[in-house]
Amino acid sequence: MGKCVICNQEFEGYGHNAEPLKTGACCGSCNVQVVLERLKIAKEMKDKMNNDGWSFVISCACGYKAKGNNEDEANEDLEKHQDKEHSSPF
Ligand SMILES: [Zn+2]
Ligand SMILES: [Zn+2]
């Protein structure tokens, strides 16, 4: 028997690890929230890695990724790239 650190209900057995929502053990129904939170954190980390740490990334049609700390910076980078790589030959 244990007490859930999230909803304070008693549960049978060892319960589930409530990290990262709370420290301790939680019941089976609260574990659903815990799992969702873990998935959210994992997804955020993956998004960050895809962006190489930049907060704003715009993809060019050629596959180039324009990066910046905000939308303006990323747009500026994209324009620079397009001037250089996609300037019209005519
Ligand atoms: Zn609970
Ligand atoms: Zn391009």
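Residues numbered from 1 in each chain as written. Chains lettered and ligands numbered in written order. Predicted model: local features only at pLDDT ≥ 70, side-chain atom pairs only at ≥ 80, totals over all residues. Heavy atoms only, no water.

Engineer: An account of the pairing of strand β5 (residues 56-59) is requested, with residue identities and associated values reported.
Structural biologist: Bridge count between β5 and strand β6 (residues 65-68): four bridges; the pairing is antiparallel. Residue pairing across strands places F56 opposite G68, the latter belonging to β6. Count of turn residues in the β5/β6 antiparallel hairpin: five residues, of which G63 carries a positive phi of about 105°. (Pairing = 2+ DSSP bridges. Helix = DSSP H or I, 4+ residues; strand = E, 2+ residues; numbered from the N terminus.)

Engineer: I'd love a proper account of the coordination of the zinc ion (ligand 1), names of residues and values included.
Structural biologist: Around the zinc ion (ligand 1), the protein contributes the donor atoms C4 (SG), C7 (SG), C27 (SG) and C30 (SG), which lie 2.3 Å from the metal centre. Each of the four donor atoms around the zinc ion (ligand 1) contributes to a set of angles spanning 102 to 118°, which defines the coordination as tetrahedral. In primary-sequence terms, the residues that donate to the zinc ion (ligand 1) follow C-x2-C-x19-C-x2-C. Taken together, the residues C7 in the loop between β1 (2-3) and β2 (10-11) and C27 in the loop between β4 (25-26) and α1 (28-50) connect sequence positions 20 residues apart. Owing to a relative accessible area of 8%, C27 belongs among the buried residues under this scheme. (Donors = N, O, S within 2.8 Å, 3.2 Å for Na, K, Ca; no water. Tetrahedral: all angles 85-135°; square planar, octahedral: opposite > 155°, others 65-115°. Buried < 20%, exposed > 50% of the residue type's maximum accessible area, 1.4 Å probe, protein only.)

Nothing here speaks to function; it is geometry throughout.
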